[in-house]
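What follows is the residue order along each chain.
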Amino acid sequence: MMENNTQLKEMIRSMVIDVLQGGQKQETASSQSVKQVSRGQEPGVFDTVDEAIRAAKEAQLRFEDCTLATREKVIADIRAAMRPRVQELAQKTVEETGMGRVADKVLKLNLTLDKTPGVEDLVTECETGDNGMTLYELSAYGVIGAITPSTNPAETLICNSIGMLAAGNAIFFSVHPGAKNLSRELVSELNQVIAKSIGIENLIVTLREPSIESAQEMMLHPDVSLLVVTGGPGGVVKQALQSGKKVIGAGAGNPPAFVDETADIKKAAQDIVLGASLDNNILCIAEKSVVAMRQIEPQLFQEMVKVGCVLVDNQQDIQRLVDLTVLPNGTPNKQFVGKNASVILDAAHIPYNGDPRLIILRTPKDHPFAVIEMLMPILPVITVDSFDEGLNVCLMLEAGLHHTATMHSLNMERLNQMARKMKTSIFVKNGPSYAGLGFSGEGTTTFTIATPTGESTTSARCFARRRRCCLTTGFNIR
């Protein structure tokens, strides 16, 4: 009898362990061999693309057999583990990339942890009728190849990890070389969190030394089922589309902010400065120009100066700024991308007080600062005489990128007309641009805004296949 009780306890113990681990399968000899590849290195960090993707594929095969509750546990543990690291991650990002502000990166990282959706985003659809029932459910692609930028490296990596793991995938991160140290450290730490949480290693992998060549190799690897490109020049998305795989591609943006004569000018000024200056304007959704009705332009400038802007109105100073920050080939000078306004003003020998958030100046609509996505805290203001003129200027500045636009107005008809005409993935009415990411606005957040391929603000459901399952009898009780 005692022997039977002992056997029963062992059986129960084994079942409990199996449930806690999500019903995962026993490790195969093949997965054991892959682990040997990264032994003695940082977890999840490999020397070659093939080794990394092979390890991720074997990890994903185990992960897809786990329950949804297991995925939820992984995501909860990632959020909990990353929360105490926010300040350090922000600091390390600024130190390595030389872009942005630590305090603003803290805001973005907390936003990522708070508002990136997980398993709850995988909504099931159902149809029933005389002929039975059809389900539409979302399931994993397998291994996702994800390219991340240097502008938002930690935020993008954590945000994409949550969404892609929620959908049941493993991820190979091809990170920007300008943020490789932070990204490699973060991948390694996330691997440790996941291994401790559910006992599976290599669900998130990367390379020790990223390169353009390794990103190209990843795009063509037969075991990568989906490509997700965040940041980088438009050519990267184009190259991904030529791979023959499913691609989710985030593109460039040049968001205009339109302020008409009916707007609350004080609030509009505050919102524009908050949005355009966040992390020194390196966010693709940030206001890159302002289009203002002539009768309210003086008040708008006055209010913007009150909340931390430096108005540069000397044409020689403006030209020095252009010469300093725009290269002869018409691209931004990377030396000043994401730098504080004070750094740019010092280099241009323009006086200022304190620590200004933003440089503002009057320009024509075809000025380099207006038509180039500068990614710097420099905000041109273009004056117009009518709503129709202003809308046309906004359309010209946004250049059909369909990314982001904002408008400040109390005229509902105009707000709706601009929203329809701009056709942007994000349109914010009477708020800072970052409200479109769920910060001081409703909705979830993301740092992969897929405008070229049409998914818009991505979430877990974008990283899953939509599958149809049909039952030809039953389950119709109407």
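Up top is the structure these notes are about.
Structural notes, computed from the coordinates. Remember, predicted model here, so these are calculated numbers, not experimental data. (Residues numbered from 1 in each chain as written. Predicted model: local features only at pLDDT ≥ 70, side-chain atom pairs only at ≥ 80, totals over all residues. Heavy atoms only, no water.)

1. Things to note about the sheet that holds strand β2 (residues 125–129)
Okay, step 1: Spatial ordering of the open sheet is given by β2-β3-β18, a layout of three strands whose pairing is antiparallel. With one partner strand each, in any of the chains shown, β2 and β18 (464–471) form the two edges of the open sheet. Across the sheet, the mean angle separating the axes of adjacent strands is 20° when strand polarity is ignored.
Okay, step 2: Sheet topology note: the strand β3 (residues 132–140)/β18 ladder contains eight bridges and is antiparallel. Counted as the bridge partner of threonine 134 is cysteine 470 from β18. (Pairing = 2+ DSSP bridges. Helix = DSSP H or I, 4+ residues; strand = E, 2+ residues; numbered from the N terminus. Axes fitted to C-alpha atoms, helices over the stretch in contact; angles between N-to-C directions.)

2. Digging into the pattern of salt bridges
A pair can form between side chains of opposite charge whenever their charged atoms are brought close.
Okay, step 1: Enumeration over the complete set of coordinates arrives at 27 salt bridges.
Okay, step 2: The salt bridge involving arginine 414 is made with glutamate 261; its shortest N-O contact spans 3.1 Å. Highlighted residues: arginine 414 in helix α17 (residues 412–422) and glutamate 261 in the loop between β9 (256–259) and α11 (265–277), separated in sequence by 153 residues.
Okay, step 3: A residue is classified by how much of its surface remains accessible, and arginine 414, at 17% relative accessible area, is buried.
Okay, step 4: Look at glutamate 261 and you get partly exposed, because its relative accessible area is 30%.
Okay, step 5: Via salt bridges that share partners, Arg85, Glu88, Lys92, Glu185 and Glu189 belong to a single interconnected network. (Salt bridge = Lys/Arg side-chain N within 4 Å of Asp/Glu carboxyl O. Buried < 20%, exposed > 50% of the residue type's maximum accessible area, 1.4 Å probe, protein only.)

3. Some points on the packing of aromatic side chains
Each aromatic ring pair is characterised by the separation of its centres together with the angle its planes make.
Okay, step 1: Tallied over the full model, the rule gives two aromatic pairs.
Okay, step 2: Residues phenylalanine 258 and phenylalanine 387 carry aromatic rings whose centres are separated by 5.8 Å and whose planes lie at 15° to one another, so their mutual orientation is stacked. One end of the pair, phenylalanine 258, is in strand β9; the other, phenylalanine 387, is in helix α16 (residues 387–398), with 129 residues separating them in the sequence. Neither phenylalanine 258 nor phenylalanine 387 differs from the other in exposure class; each is buried.
Okay, step 3: The interplanar angle of 40° and the centroid separation of 4.7 Å between the aromatic rings of tyrosine 434 and phenylalanine 439 together place this pair among those described as tilted.
Okay, step 4: Taking relative accessible area as the criterion, phenylalanine 439 reaches 22% and is therefore assigned partly exposed.
Okay, step 5: Taking NZ or CZ as reference, arginine 362 lies 4.3 Å from the ring centre of phenylalanine 301, over its face. (Phe/Tyr/Trp six-rings, centres within 6.5 Å; stacked < 30°, edge-to-face > 60°. Lys NZ or Arg CZ within 6 Å of the ring centre and 35° of its normal.)

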